[in-house]
Amino acid sequence: MSSDTPTTSFIFPKREDCVYTQCYCEENIWHLAKSILESNKSVKDLKCYVVALSNSNKCVHLWKQTMKENDYRDGLIFWDYHVFCVVKHKNQTWVFDMDSKLPFPVSFAQYDKEAVRHDFPDIKRYFKIIDAQTYIDTFSSDRNHMLKGGVWLSPPPTYPPILNKEKQSNLENIISMEDPLDKFGEVLNLENFKAKFY
């Protein structure tokens, strides 16, 4: 068995079965988290988190990313924000990043070593840890952040926008890292993010 093969009893979605639209990670992960929770209702001790990565400058870096035009420095991308999923079960922790070249899922240790890394220490990265069910229940986006002068920066998903019962977009609030006691989740620096999941 590969070291990247989960040995827990819960059901992992396959990458090819996931809903995916390039540049809409917040929606991709909404669908992914929903699928993980629905498929594993009977699994005990399962913890699923949505992680939003950003900073006050909206410039955060990850490696091993899959953007078609990106062949620079081992898949290095500077995102304004990024969203991925972390699943914990017993003594194992896995990352689901739908924009990563790494295995799907990948162990947290490998993701930290190869995707997060510790280069560019002057760029502070912050991670908002959101309970997956909270994210599913509250996330709302009208996709206006992807419109510039009435033109899409990247083609939107073909399905309707994901809107909560208030039908007001809250993506900017979700990716904001200004309040460590944020109502959506806990905001951690890199060191505390690693400590939480190792």
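These figures come from a predicted structure and were not determined experimentally.

Quick notes on the rules
- Residues numbered from 1 in each chain as written.
- Predicted model: local features only at pLDDT ≥ 70, side-chain atom pairs only at ≥ 80, totals over all residues.
- Heavy atoms only, no water.
- Helix = DSSP H or I, 4+ residues; strand = E, 2+ residues; numbered from the N terminus.
- Contact = heavy atoms within 4.5 Å.
- Polar contact = N/O pair within 3.5 Å; in protein donor to acceptor, adjacent residues only side chain to side chain.
- Buried < 20%, exposed > 50% of the residue type's maximum accessible area, 1.4 Å probe, protein only.
- Pairing = 2+ DSSP bridges.
- Salt bridge = Lys/Arg side-chain N within 4 Å of Asp/Glu carboxyl O.

Asks: Please explain the environment of tyrosine 20 as it appears in this structure.
Replies: Turning to its location among the elements, tyrosine 20 is positioned in the segment before helix 1 (25-39). Note: C-alpha distance between tyrosine 20 and proline 157 (137 residues apart in sequence) is 8.1 Å. Leaving out residues up to four positions away in the same chain, tyrosine 20 has contacts with Asn28, Met98 and Asp99. For tyrosine 20, the side chain forms a polar contact with the side chain of aspartate 99, separated by 2.5 Å.

Asks: Just checking my understanding: could you explain the pairing of strand 4 (residues 82-89) for this structure?
Replies: Two faces make up the sheet, and in a regular strand the side chains alternate between them. Among the 8 residues that make up strand 4, 7 are buried, leaving the element largely enclosed by the rest of the structure. Looking at chain direction, strand 1 (residues 46-54) and strand 4 are connected through 8 bridges and run antiparallel. What sits directly across from tyrosine 49, in strand 4, is valine 86. Two strands pair when backbone bridges link them, and strand 4 and strand 5 (residues 92-96) are joined in this way by 5 bridges, in the antiparallel orientation. Its bridge partner being in strand 5, valine 86 is matched across the sheet by valine 95. Where strand 4 folds back onto strand 5 in an antiparallel hairpin, the turn is made up of 2 residues, including lysine 90, whose phi is positive at roughly 55°.

Asks: Can you help me understand the pattern of salt bridges in this one?
Replies: Once their charged atoms are close, side chains differing in charge can pair, the charge on each being opposite to the other. On inspection of all chains with the given rule, the structure shows 9 salt bridges. A salt bridge links lysine 64 to glutamate 114; its shortest N-O distance comes to 3.8 Å. Residue lysine 64 is located in the loop between strand 2 (60-62) and strand 3 (77-79), and its partner glutamate 114 is located in helix 2 (residues 108-116); the two are separated by 50 residues in the primary sequence. The partly exposed category is assigned to glutamate 114, whose relative accessible area is 24%. Of the charged contacts, one joins aspartate 119 and arginine 117 as a salt bridge, the two residues approaching to 3.3 Å between their closest N and O atoms. Each of Lys64, Asp74, Glu114, Arg117 and Asp119 takes part in salt bridges that share partners, so that together they form one network.

Asks: Sorry if this is basic, but what is going on with the pairing of strand 5 here?
Replies: Extensive coverage of strand 5 is indicated by the burial of 5 of its 5 residues. Burial along strand 5 is two-sided: Gln92, Trp94 and Phe96 facing one way and Thr93 and Val95 facing the other are all buried. Here strand 5 pairs with strand 6 (residues 106-107) via 2 bridges, running antiparallel. From the neighbouring strand, valine 95 faces strand 6, where its bridge partner is valine 106.

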